[in-house]
Amino acid sequence: MDNRNIKKLTLLAIWTAVTFVLGRLFTFPIPGSAGNILTLLDVGIYTAVFLFGKREAAIIGGFAAFLLDLTAGYSNYMFFSLIIHGGQGYLAGLTRYKWLNFLLSLVFMVGGYFIVGGLMYGWGSAIAGLWVNIIQVVVGFALAKVLSPLIERTGILNGFRKA
């Protein structure tokens, strides 16, 4: 394994951990919605898209969401979250149009959890969780738009940028 691959794997691991911690520390269960939570996980996913790209954001989003569900007591969602947040990260960087990417990733994430929630807990619960997921994506995108340029300006990623 060459030096570039080691740097890239290290960066993915660090950013996955940062995203997981963001999601885990700021997790708010929503009463009466059968497992829906409001979390800042999406901040890490969208920041990863803006800083690194779609493939990296897919990996980071999928694994961070998987770990979040595993440790937060939502293990029934782990594998779904791996796919849904991984797809969200990938779609968020799919085209050069950030707003189109945002809409694609929002529809994929909200729609994915709507279908999973409807099949697991009933469609009433899935409908109740729609607003939570929409807020989570919008807040995550907005905070990432603010944080990404700040992180780039600090130069903290310079050692990894060429990876």
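Residues numbered from 1 in each chain as written. Predicted model: local features only at pLDDT ≥ 70, side-chain atom pairs only at ≥ 80, totals over all residues. Heavy atoms only, no water.

- The protein chain carries the name Thiamine transporter in an unreviewed UniProt entry, which gives Lactococcus lactis subsp. lactis as its organism.

Quick notes on the overall build of the protein chain
Part 1 of the argument: When you go through the protein chain residue by residue, the secondary structure sums to six helices and two strands.
Part 2 of the argument: When the helices and strands of the protein chain are read in sequence order from the N terminus, they spell out α-β-β-α-α-α-α-α.
Part 3 of the argument: Computed over its C-alpha atoms, the radius of gyration of the protein chain comes to 15 Å, within 12% of the 15 Å expected for a compact globule of 163 residues.
Part 4 of the argument: Summarising its shape, the C-alpha atoms of the protein chain cover approximately 50 × 30 × 25 Å along the three principal directions.
Part 5 of the argument: Taken over 163 residues, the protein chain has a buried fraction of 44%.
Part 6 of the argument: Of the roughly 8,400 Å² of accessible surface on the protein chain, a fraction of 72% belongs to carbon and sulfur atoms. (Helix = DSSP H or I, 4+ residues; strand = E, 2+ residues; numbered from the N terminus. Rg over C-alpha atoms; globule rule 2.2 N^0.38 Å. Buried < 20%, exposed > 50% of the residue type's maximum accessible area, 1.4 Å probe, protein only. Areas by Shrake-Rupley, 256 points an atom, 1.4 Å probe, with all protein chains shown as cover.)

Thoughts on the UniProt feature "transmembrane region" (unreviewed entry) in the protein chain
Part 1 of the argument: According to UniProt, the feature "transmembrane region" (unreviewed entry) maps to residues 9-27, 59-79, 99-123 and 130-151 in the numbering used here.
Part 2 of the argument: Measuring from the first to the last C-alpha atom of residues 9-27 gives 27 Å, for a span that is 89% helix and 5% strand.
Part 3 of the argument: The annotated region residues 99-123 carries 96% helix and 0% strand content, and the separation between its end C-alpha atoms amounts to 29 Å. (UniProt positions renumbered as here; feature names shortened; annotations may be inferred.)

What to know about the packing of aromatic side chains
Part 1 of the argument: One pass over the full model with this rule turns up eleven aromatic pairs.
Part 2 of the argument: One aromatic cluster is present, built from ring pairs that chain together Tyr46, Phe50, Trp99, Phe102 and Phe141.
Part 3 of the argument: Lying over the aromatic face of Phe50, Lys145 brings its terminal NZ or CZ to 5.6 Å of the ring centre. (Phe/Tyr/Trp six-rings, centres within 6.5 Å; stacked < 30°, edge-to-face > 60°. Lys NZ or Arg CZ within 6 Å of the ring centre and 35° of its normal.)

Details of the environment of Ser125
Part 1 of the argument: Relative to the helices and strands, Ser125 resides in helix H6 (residues 123-154).
Part 2 of the argument: A C-alpha to C-alpha distance of 8.8 Å links Ser125 and Phe114, two positions eleven residues apart in sequence.

Here's the deal with the nonpolar core
Part 1 of the argument: Within the largest apolar cluster, 32 residues are counted, with the highest numbers of intra-cluster contacts made by Trp15, Tyr46 and Phe52.
Part 2 of the argument: Sorting the residues of this core by element identifies helix H1 (3-25), helix H2 (41-51), helix H3 (54-72), helix H5 (98-121) and H6 as the ones contributing at least two each.
Part 3 of the argument: Broken down by element, the residue count for this core peaks at seven residues, all from H2.
Part 4 of the argument: Ignoring any residue separated from it by four or fewer positions in sequence, one finds Tyr46 in contact with Gln88, Ala92, Phe102, Ser105, Leu106, Val137, Gly140, Phe141 and Ala144. (Core = buried A, V, L, I, M, F, W, Y, C linked by side-chain atoms within 4.5 Å. Contact = heavy atoms within 4.5 Å.)

A word on the pattern of salt bridges
Part 1 of the argument: In the structure shown here, the tally under the stated rule is one salt bridge.
Part 2 of the argument: A salt bridge links Glu56 to Lys8, with the shortest nitrogen-to-oxygen separation between them at 2.9 Å. With Glu56 in helix H3 and Lys8 in helix H1, this pair connects stretches of sequence that are 48 residues apart.
Part 3 of the argument: Classification of Glu56 as buried rests on a relative accessible area of 12%. (Salt bridge = Lys/Arg side-chain N within 4 Å of Asp/Glu carboxyl O.)

Things to note about H5
In an α-helix, one turn spans 3.6 residues; hence positions three or four apart end up facing the same way.
Part 1 of the argument: Over its 24 residues, H5 extends 33 Å from the first C-alpha to the last, a length consistent with the 34 Å expected when each residue adds 1.5 Å.
Part 2 of the argument: Of all the residues in H5, the buried ones are Asn101, Phe102, Ser105, Leu106, Met109, Val110, Gly112, Tyr113, Val116, Gly117 and Gly118.
Part 3 of the argument: Considering only its buried residues, H5 is in contact with H2, helix H4 (78-91) and H6. (Expected span 1.5 Å × (residues − 1).)

Some remarks on empty space enclosed by the protein
Part 1 of the argument: For the structure on display, the rule yields two cavities of 30 Å³ or more.
Part 2 of the argument: Taken as a whole, the largest cavity spans an internal volume of roughly 170 Å³.
Part 3 of the argument: Every residue lining the largest cavity is counted, 16 residues in all, and those nearest its centre are Ile37, Asp69, Ser81, His85 and Tyr113.
Part 4 of the argument: Elements with a contribution of two residues or more to the lining of the largest cavity: strand S2 (37-39), H3, H4, H5 and H6. (1 Å grid on protein atoms, 1.4 Å probe; cavity = no way out; pocket = protein on both sides within 12 Å on 5 of 7 lines; lining within 4 Å. Points joined across faces, edges and corners; volume = space filled by probe spheres on them.)

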